[in-house]
Amino acid sequence: MTERSEGTGGTAERPVRILLVDDQPLLRTGFRMVLGAEDDLDIVGEAGDGVEAVDLARRLLPDVVLMDIRMPRMDGVAATRAIVDARLPVRVLILTTFDLDEYVVGALRAGASGFLAKDVPADDLVTAIRTVAAGEAVVAPRILKRLLDQFADTLPDPSAAPPRGLDVLTEREREVLIHVARGLSNAEIARALTVSETTIKTHVGHVLTKLGLRDRVQAVVMAYETGLVRPGA
């Protein structure tokens, strides 16, 4: 377990602070080399298992925890849940070779803000970290497809009345949620609905607040679980 310079959550005036969590030192070294080349990213600590990750997250308060799934003592899903339950101002980005459905669903339900495979290109990893640090969420396309395929055979008919739990949303908010679930950015949704991006940000914020959701990833999961959107629709 290694750590460096304590502090609080990220700001626009300084680099995004990252905690690396992986039980393989060689992989941590590789991530450190890739991320260390970016002026706006700062590795503030490293952990080799989930227990160390939770401890360092509490003490260092990094902006983003780059979290492995399979680790000794405590896995990445449990560590993510512990960090989220502690209400730390920390966001978790899962990075793993195991993109199996149970890990994806478990991690996202635990409160992870993103899920990427370890073979993600370096530029995409850097972009994902910045996105998560900014309060958004990311899921690799192939992992999202697996997640949606899992729901496909069990979803209710979305042509009926608004699904239970979503009836608190206005018609416009449901429309925005559908676009979010299909992977559109705020700018893309704004163009599709012919409104300003600021208006879409407001609608997304209302959706998350009304549904008690942490971020866009959880909104996507709920949209498919409730049948508001179906794969391929």
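Residues numbered from 1 in each chain as written. Predicted model: local features only at pLDDT ≥ 70, side-chain atom pairs only at ≥ 80, totals over all residues. Heavy atoms only, no water.

Draft legend 1. Looking closely at the overall build of the chain. Each helix and strand in the chain was counted, giving 10 helices and 7 strands. Sequence-distant contacts in the chain: of pairs separated by 6 or more residues, those separated by 24 or more amount to 70%. Accessible surface, the chain as shown: approximately 11100 Å² in total, 52% of it carbon and sulfur. (Helix = DSSP H or I, 4+ residues; strand = E, 2+ residues; numbered from the N terminus. Contact = heavy atoms within 4.5 Å. Areas by Shrake-Rupley, 256 points an atom, 1.4 Å probe, with all protein chains shown as cover.)

Draft legend 2. Representation of the nonpolar core. Of all hydrophobic cores here, the largest spans 25 residues; its most connected members are V21, V65, M67, I83, I94 and A107. Among the elements that make up this core, the one with the highest residue count is helix α2 (residues 50–60) (5 residues). Not counting residues within four places of it along the chain, the set of residues in contact with A107 comprises I69, V77, T80, I94, A112 and F115. The next biggest cluster of nonpolar side chains, apart from the first, holds 21 residues, and it includes V176, L193, Y224 and V229. (Core = buried A, V, L, I, M, F, W, Y, C linked by side-chain atoms within 4.5 Å. Buried < 20%, exposed > 50% of the residue type's maximum accessible area, 1.4 Å probe, protein only.)

Draft legend 3. Spotlight on unusual backbone geometry. For R87, which is not glycine, the phi torsion reads 55° and is therefore positive. You will see that T194, though not glycine, has its phi angle at about 55°, which is positive. With respect to the helices, strands and loops of the structure, T194 is situated in the loop between α8 (186–193) and α9 (197–211).

Draft legend 4. Region of interest: the pattern of salt bridges. Across all of its chains, the model carries 11 salt bridges by this definition. Of the charged contacts, one joins E46 and R32 as a salt bridge, the two residues approaching to 2.2 Å between their closest N and O atoms. With E46 in strand β3 (residues 41–47) and R32 in helix α1 (residues 25–36), the pair connects residues that are 14 residues apart, well separated along the chain. Notably, a salt bridge pairs D68 with K118, separated by 3.4 Å at the nearest N-O pair. Here D68, found in the loop between β4 (64–67) and α3 (76–85), pairs with K118, found in the loop between β6 (114–117) and α5 (122–133); they are 50 residues apart in sequence, far enough to count as distant. The two residues D68 and K118 agree in class, both being buried. One network of salt bridges, in which partners are shared, links D22, D68 and K118. (Salt bridge = Lys/Arg side-chain N within 4 Å of Asp/Glu carboxyl O.)

Draft legend 5. Structural view of helix α7 (residues 171–181). Three or more residues of α7 are buried, namely E173, R174, V176, L177, H179, V180 and A181. Taken from the residues just after α7, G183 is the one with a positive phi, measuring 90°.

Draft legend 6. Molecular detail of the environment of V207. Within the secondary structure, V207 sits in helix α9. V207 sits in the buried class, given a relative accessible area of 3%. When the C-alpha atoms of V207 and T170 are compared, they prove to be 9.1 Å apart, with 37 residues separating the residues in sequence. Apart from residues no more than four positions distant in its own chain, V207 is found in contact with L169, E173 and L177.

Draft legend 7. Representation of the packing of α7 against α8. Look at α7 against α8: their axes get within 10 Å of each other, and the N-to-C directions meet at 130°. In terms of orientation, α7 and α8 fall into the oblique class. When you trace α7 past α8, the crossing you get is right-handed. In this structure, α7 contributes R172, E175, V176, H179 and V180 to the contact, and α8 contributes I189, A192 and L193. Along the lines of polarity and charge, the residues of the contact of α7 with α8 split into 5 nonpolar, 1 polar and 2 charged. (Axes fitted to C-alpha atoms, helices over the stretch in contact; angles between N-to-C directions. Parallel < 35°, antiparallel > 145°, perpendicular 65-115°, else oblique. Left-handed = near helix turned anticlockwise from the far one by under 90°. Nonpolar A, V, L, I, M, F, W, Y, C, P; charged D, E, K, R; others polar.)

Draft legend 8. A look at the side chain of S113. Tracing the chain through its elements places S113 in the loop between α4 (101–110) and β6. Classification of S113 by relative accessible area gives buried; the value is 0%. Here R91 takes part through its side chain, which lies 3.2 Å from a polar atom of the side chain of S113. (Polar contact = N/O pair within 3.5 Å; in protein donor to acceptor, adjacent residues only side chain to side chain.)

Draft legend 9. Expanded view of the pairing of strand β5 (residues 91–96). The element β5 is largely enclosed, with a buried count of 6 among its 6 residues. Here β5 shows two buried faces, one formed by R91, L93 and L95 and the other by V92, I94 and T96. Relative to β5, β4 is paired through 4 bridges, and the arrangement is parallel. Considered in β5, the bridge of M67 is made with I94. The handedness of the β4 to β5 crossover, carried by α3, is right-handed. As paired elements, β5 and β6 share 4 bridges and run parallel to each other. Looking at the pairing, L93 lines up with G114 of β6. (Pairing = 2+ DSSP bridges. Right-handed = clockwise from strand over helix to strand, strands pointing away.)

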